[in-house]
Every structure is written in C-alpha cells, then in structure tokens.
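Residue strings, one per chain:
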Amino acid sequence: MEYKDYYKIMGVKRDATQDEIKRAYRKLARKYHPDVSKEVEAEAKFKELGEAYEVLKDPKKRAAYDQLGSQWKAGQEFRPPPGWEGGFEFRDFGGGPGVGGFSDFFETLFGHGGRRPGGARTSREFRMRGEDHHARVVIDLQDSYNGASRSITLQMPEVDGQGRVRNRPRTLNLRIPKGIRQGQQIRLAGQGGAGFGGGEAGDLYLEVDLDPRGRYRVDGADVYIDLPLAPWEAALGATVKVPTPAGAVDLKVPPGSQAGKKLRLKGRGIPARQPGDLYVVLQIVLPPADTPQQKEAYEQMKREFAFNPRAGMEV
C-alpha cells in the first residue's frame, strides 16, 4: 500500500489553515473536474483531490493523519504503526462532489466510508440529527475475555479562531462487553455530534483494537501463544504451566514434540456463543554452553545420538 501525501496533492503546507485548504480545493476542483477539464487523467486527479480534501477539511481526520509524521513520501510503501490513531474521533462522511470510493490507504486509516450498519449514508439526516463520530480504542486482551469498565480519553480536534487545529481532551466511561473481538464496534448512543435545530445527538462508534504488544496473537476468536520448552521437555514429554488471558492452565506436552507444533486448548480463546480456541505453539530453547561442564554435556549428547537434522537435505 502506497502512502498518500494529501498536503502535496492539494498544494498546501502542513500548517495551512482550514480556509487555505478550502480555497485550494475549490481552485483545483475547477481545474480537474472531468466535465470541463482537458488535463490528462483529470478524472483520476479529481478523485484523488476529493480524497485529500475529505481528510484535510475534517479537523479530526486531519489531526489523526498528522500523527503519522512528516517523514513519509508520496508513493512510499506504507503500513500504519499499531494504534497510531487510537483516541481520535472521526465524523461520518459522504465524499466530496463527484467522488466515488476512496483508496486502500484512506480505508486503512479511516475505515469504511462512514456508513452506518445497514449501509445507509447519514448525509440526509445532518439537518436534524447530529453526526455520528468514530474513534479507535486499544484494549487489553484480558478485557475481551472478562469484560471491563474503563475510563478513556479521546482527542477531539477543533478549529480555533485563527483556523488552526487544536486538540481538546474528552473523557468517557466505557463498558467493554465480554467476548468483543478485533475490529468490532462499541456504540455509545448520543455521544456523537450535537443535533441541529433541536435534533438528537449522533452516536459515537468505537472500533476495537486488541493490544498487539502482549505475549498473545489473535486471529478472529482464536488466540495463539508461544511456549518455550527445554529440549528434554520436548523429547521426553512434560506437564508445564501455560499462561492464558483467563489464568494459568496445566498443559501436557507429548513426548517427541517438535518446534512449531501446535497444541489446541478447545474453547479457551475469546469467549462467545461459539468460543474460539487457544493454540500453544511449542518453541524449543537450547540451554547455554558457557562452562566446561555444560560443553561436555553437549559433547556427550553428540556421541550418544546418531542424529543428523539435515539428513533429508540434498547437498
């Protein structure tokens, strides 16, 4: 996936005001509009311009985009760092005039086009009902297993009197339901944008990211953990304690286990009506040979075992 420099696309500096961004969009939109432009690839440029404006006109999306930093170059291979946008609220959006679907880069950063469940856009409701907001929050895997109540702080970008974007913290109490998975949303009714003309407030949708920095890996409802074993435990078999998000369990390792072997603990993945499984991936760790006695132990193994791990390889 290629990085898109939205500031370069619109021909503005990174510290441009909202008015400067609006003026740049109007100028370039007239230049590249497919109905009037004679420029080569006008339609593609008009679509790219609409995507850039969709981000930079919205203080929330712009602030989150700016969090990526200025070191990226247009066209550079890009993958967002985990949790980069956690804690930012985004408005629903309907796309600029004449703009269709957005790029993979946009969808990866900001989700699926601001649609509500069921696919209906909210643009017709803006005159009465407040906008729905979106944010991404990072939670611990244990909170998915057990459910939890947490206090979270979101950054709400706002435009000041000089047209600059400033962040204002907003604290909310959040109940995390048991069994929630990566990518699912928590809806906070009435916590979105204020209504118009006395209309009700919009909702806030929190998309869940499970913290990737722990010892576990998650795939859907299944959870994976690497388990280090001594060579003799793998060769002779052993019963070892394995940490899980729900507490430690005793695991029987069968004799002759090889590195990479997966042992399945049925139903010990993320809880649900059909709970996931927990897979223990065996990793064999060699003890050090730092002393003469330890080295002699390895030499004895070398003499005792007629073992060639590369016997099946052609040389």
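Remember, predicted model here, so these are calculated numbers, not experimental data.

Conventions adopted
Residues numbered from 1 in each chain as written. Predicted model: local features only at pLDDT ≥ 70, side-chain atom pairs only at ≥ 80, totals over all residues. Heavy atoms only, no water. Patch = residues over 30% accessible without salt bridge, like charges linked within 9 Å, V, L, I, M, F, W, Y side chains within 5 Å. Areas by Shrake-Rupley, 256 points an atom, 1.4 Å probe, with all protein chains shown as cover. Salt bridge = Lys/Arg side-chain N within 4 Å of Asp/Glu carboxyl O. Helix = DSSP H or I, 4+ residues; strand = E, 2+ residues; numbered from the N terminus. Buried < 20%, exposed > 50% of the residue type's maximum accessible area, 1.4 Å probe, protein only. Pairing = 2+ DSSP bridges. Axes fitted to C-alpha atoms, helices over the stretch in contact; angles between N-to-C directions.

Visitor: How do you make sense of a nonpolar patch on the surface when you look at a structure like this?
Guide: Where nonpolar side chains cluster on the molecular surface, the patch consists of Met301, Phe305 and Phe307 and spans about 380 Å² of accessible area. Mapped onto the fold, Phe307 is located in the segment after α8 (292-304). With relative accessibility at 64%, the residue Phe307 sits in the exposed group.

Visitor: Got a minute to help me understand the sheet that holds strand β12 (residues 278-284) in this structure?
Guide: The strands making up a sheet associate through backbone hydrogen bonding, with each pair oriented either parallel or antiparallel. Spatially, four strands are ordered β7-β8-β12-β11 in an open sheet, and the strand pairing comes out mixed. Each edge of the open sheet carries a strand with a single partner, namely β7 (216-219) and β11 (262-265). Pairs of neighbouring strands in the sheet enclose a mean axial angle of 30 degrees, with direction left out of account. Relative to strand β8 (residues 222-229), β7 is paired through four bridges, and the arrangement is antiparallel. When the bridges of β8 are listed, Tyr216 appears paired with Ile225.

Visitor: What's the story with unusual backbone geometry in this structure? I'm lost.
Guide: Across residues other than glycine, the phi torsion is negative in most instances, and most of the peptide bonds are trans. Even without being a glycine, Glu41 presents a positive backbone phi close to 55 degrees. Within the secondary structure, Glu41 is located in the loop between α2 (18-32) and α3 (42-56). The class of Glu41 is exposed, set by a relative accessible area of 57%.

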